[in-house]
Amino acid sequence: MTTATKETTQSTITTSVKEKIEKVDRRDAKLALAHIYVAFIALFLGGIAGLLQVLVRSGSFDLPSFINYYQVLTVHGVLLGLVLTTFFIMGFQAAGVSRSCGTFTDKQRAIGWAGFWVSTVGLVAAAAMILTNEASVLYTFYAPLQAHWIYYLGLALVIVGSWLSSLAQVMRFNQWRKEHKGQTTPLLGFMVVVNNFLWFVATLGVAVEVLVQLIPWSLGLVERVDVLLSRTLFWYFGHALVYFWLLPAYMIWYVVIPKVIGGKIFSDALAKLSFMLFLILSVPVGLHHQFTEPGIDPLWKFIQTILTMFVVVPSLMTAFSLFATFELRGRELGGKGIFGWFKKLPWNDSRFLLPFIAMVAFIPGGATGIVNASYQLNELVHNTIWVTGHFHLTVATGVALTYIGAAFWLIPHLNGRKLTKRANSMANCVGILWAIGMAIMSGAMHVAGLLGAPRRSAYSTYGGSEQATEWISYQVAQAIGGSILFIAILIITALIIYVSFFAPKGEEEFPIGEVAAGSAPTPAILENFKVWGVIMIAVIIFAYTIPIFDIINNSPLGSVGYKLW
Amino acid sequence: MEIHKYEKWWLVFGGGTLLVFLIVLGVSAFHGGTHPNNSKWTINYEKVDEIAPFDNPGVHKVEGKDWDYEVVLVAQAFAYTPMEIEIPVGSKVRFIATTKDVIHGLGIAGTNINLMLEPGYVSEKITTVDEVGEYTIVCNEYCGTGHALMYSTLKVVDPNDNSN
Amino acid sequence: MTKQKKSSDDNLKGTLFATFGVGLVIIIVWVYCFDLFIGRF
């Protein structure tokens, strides 16, 4: 009797809380929007840089003499790899936490804003150095090429700012947990916290590289830098970085899409399990970017190959959950046979179509990623343009197109407007253009890469070599694909401006799926961050201690800085 | 936690596939010797020109070793020494390379020879060049303005073919 | 309890085929690349 009353009261409370938080608080919305606007300015400018690159590489276009190709390449990498992603993620996650756990306290929101401004100041500083050609070192800034110290400091500030933003989100989640002891945490809030945890641990590597090695060295306080150590610290961060990009896309796939299609989240527990697996396995795999480098023991390279294969498993789980969500909904709508459900999905809804195209791109992207990580097979593709093709399927489609599709409903949700029917159709056009452009560009990159064409290189005939002539025909194809993508980016920019400032006032939903009725409750262990955190740290210590000890112990004379651009 | 029967099948199939990949890679590497660059040889990168074998870059026929030729390559911004390498087909070759300044790449297009050259380290690869052809050697790690102009050529020739 | 059983019996044949399709893509790409690797020196 008492229990029954208690349950009823609790469910009443939950309903009322739910109603209260269905819309993101106006003040939180402003914070999220600030981040998202910066992200889309970055997409537009980074897109221009991308267009210039494919045109130069086609051999039929020269940059004006005051711009250097590698400066453009640095702009492209920094704006799209670091700025678009980090800012969109922090904006989306702030909105997601506010939506799923409740509005921020004033203190939490202030920390969020502090994060935004620290990141933005850092971004402006780094941008100034790139534009004045003081930092044409690409977004990976490999020593001993030496950029201006302000460039390193600027990038460090972008990361420090993101720590503050993350902190605000984690504080809000913890507050929810305290207020709802013993309850299953909101899936979206939980996922945000996993991603922030992952981000914090991963960025420690690059923070040490930048603060301890590169800044003192570029300031002239120390003469030499340990190059291999700096690269190893970078890649400790660099591969986890791609999961930091990917997990917000997975959040949208797991949590938002089920609601958009009118279905249910397949399983709260499996979604949480896959995120915890990402948490423990995303960092200790960075050596798979360093297979062709000297100075690192092959045994440890292979151990990290094994760990990389493990980190594929949560993506396999994700694939199943998503297909299952689609199939269950399609069957509910009367889909028959093995694939009849497929036709029942809402193909005209851009909130579904764009992330769906993204998911499809992620399948070959994941497959080529497995090749990259396959130890000796890496020799086939390392630093060829195959790799560029690979991550344009994963991050530039799987991740970016999901973000873009989300922005079209998220921005109007946050600023009290509507995604109109026509805007929705335009958004669908974007998805189709993106799919076509990327298939051409990325496909050509993969083929040229297997033929040996290098990535990150300006146009060159390599002395008229027969092989290089073959690559150039694929570079023309890349320019065609890249131009189609640029048209898509123009439409995206117009749509973002439209939903930000011109779309009719109204209410746009922030779709959050519910868990399928009858799915088993989530075991408490899956929400225990202490346990998974300890496992994470243990795996990292296991995978990295000996390699780093070896590198330091056997290190040759360090390198002075070079400015060769 | 309940897992659908088909999901179990899928995870067994997917996980099993990855396991097979790992076994094939592991056996091929640790038994067949197909490791990527695993050199741990260090060098003073500022004195590369004075240190053997880099004081004499080029192709050297060697006797009494496990390989027939040593190819010694020096990379610097923005060129390789030597500019051209010629080796008879079927020879077992040890490629030895290093850099005098920043990081460079050494990718021989159409082959599995793909090495990072980092200041202070010597990179190595041993392989049998078993197919006649002209292979472009490109710098595939960004090294500065002249990066795309940095190349060399590997010619694998048939000594019995007098057509040239 | 009955509800839980029901969800285990959900008809997910399409999902099974689709995921195995994903697996097939992974295998084809990998085997193709491995074969290229073996064929080159």
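Parameters and conventions
- Residues numbered from 1 in each chain as written.
- Chains lettered and ligands numbered in written order.
- Predicted model: local features only at pLDDT ≥ 70, side-chain atom pairs only at ≥ 80, totals over all residues.
- Heavy atoms only, no water.
- Helix = DSSP H or I, 4+ residues; strand = E, 2+ residues; numbered from the N terminus.
- Buried < 20%, exposed > 50% of the residue type's maximum accessible area, 1.4 Å probe, protein only.
- Areas by Shrake-Rupley, 256 points an atom, 1.4 Å probe, with all protein chains shown as cover.
- Contact = heavy atoms within 4.5 Å.
- Buried area = accessible area lost by both parts, 1.4 Å probe.
- Salt bridge = Lys/Arg side-chain N within 4 Å of Asp/Glu carboxyl O.
- Polar contact = N/O pair within 3.5 Å; in protein donor to acceptor, adjacent residues only side chain to side chain.
- Nonpolar A, V, L, I, M, F, W, Y, C, P; charged D, E, K, R; others polar.
- Domains from an automatic or database assignment.
- Expected span 1.5 Å × (residues − 1).
- Bend = angle between axes of the 7 residues up to and from the residue.
- Pairing = 2+ DSSP bridges.
- Patch = residues over 30% accessible without salt bridge, like charges linked within 9 Å, V, L, I, M, F, W, Y side chains within 5 Å.
- Lys, Arg positive; Asp, Glu negative; His and termini not counted.
- Charge placed at Lys NZ, Arg CZ, Asp CG, Glu CD.

(A) View of the overall build of chain C. Each helix and strand in chain C was counted, giving two helices and zero strands. Per-residue burial over chain C gives 41% buried out of 41 residues. Taken as a whole, chain C presents about 2500 Å² of accessible surface, with 67% of it coming from carbon and sulfur.

(B) Quick peek at the interface of chain A and chain B. The interface is formed by 77 residues belonging to chain A together with 64 residues belonging to chain B. For the chain A and chain B pair, buried surface summed over both sides reaches about 5600 Å², with 64% attributable to carbon and sulfur atoms. Joining chain A to chain B, the criterion identifies six salt bridges. The closest approach of N and O atoms between A:E379 and B:K125, which form a salt bridge, is 2.9 Å. Run the count over chain A and chain B and you get 27 residue pairs in polar contact (both at pLDDT 80 or more). Here the element with the most residues in the side of chain A that touches chain B is helix α9 (residues 298–310) of chain A; it accounts for seven residues. The residue makeup of the side of chain A that touches chain B, split by class, is 47 nonpolar, 21 polar and nine charged.

(C) Layout of the domain arrangement of chain B. Examined at the domain level, chain B breaks down into domain 1 (1–35) and domain 2 (45–157). A C-alpha centroid distance of 35 Å is found between domain 1 of chain B and domain 2 of chain B.

(D) Highlighting the interface of chain C and chain A. Contacts between chain C and chain A engage 23 residues on the former and 29 residues on the latter. Taking both sides of the interface into account, the surface hidden between chain C and chain A amounts to around 2300 Å²; carbon and sulfur atoms contribute 79%. Joining chain C to chain A, the criterion identifies zero salt bridges. Counting every contact that joins chain C to chain A gives eight residue pairs in polar contact (both at pLDDT 80 or more). Looking at the side of chain C that touches chain A, the elements with two or more residues in it are α1 (2–8) and α2 (13–39) of chain C.

(E) View of helix α6 (residues 187–218) of chain A. All names here are of chain A. With 32 residues, α6 should reach 46 Å at 1.5 Å per residue; the first-to-last C-alpha distance of 44 Å fits that figure. V210 marks where α6 bends most, by close to 35 degrees. In terms of residue burial, α6 counts as a mostly covered element, since 26 of its 32 residues are buried. Looking one or two residues past α6, G220 carries a phi angle of roughly 85 degrees, positive in sign.

(F) Region of interest: the pairing of strand β7 (residues 114–117) of chain B. Burial along β7(B) is two-sided: the residues B:N114 and B:M116 and B:L115 and B:L117 are all buried. What sits between strand β6 (residues 104–108) of chain B and β7(B) in their antiparallel hairpin is a turn of five residues, with B:G110 showing a positive phi close to 85 degrees.

(G) Main features of a positive patch on the surface. Taken together, the side chains of A:K23, A:R26, A:K30 and A:K505 present a region of like positive charge at the surface. Considering the arrangement of structural elements, one finds A:R26 in helix α2 (residues 26–58).

(H) Here's a closer look at the pattern of salt bridges. Taken as a whole and judged by the stated rule, the model has 26 salt bridges over all chains. For the salt bridge of B:D49 with B:K100, the shortest nitrogen-to-oxygen distance reads 2.9 Å. You can see B:D49 sitting in the loop between α1 (5–31) and β1 (58–61) and its partner B:K100 sitting in the loop between β5 (92–99) and β6, a full 51 residues away along the chain. B:E124 is the partner of B:R94 in a salt bridge, and the nearest nitrogen-oxygen pair spans 2.6 Å. Taken together, the residues span a long stretch of sequence, with B:R94 in strand β5 and B:E124 in strand β8 (residues 123–128) at a distance of 30 residues. Like B:E124, B:R94 is buried. The structure contains a network of salt bridges with shared partners spanning A:D25, A:R27, A:D28, A:D106 and A:R109.

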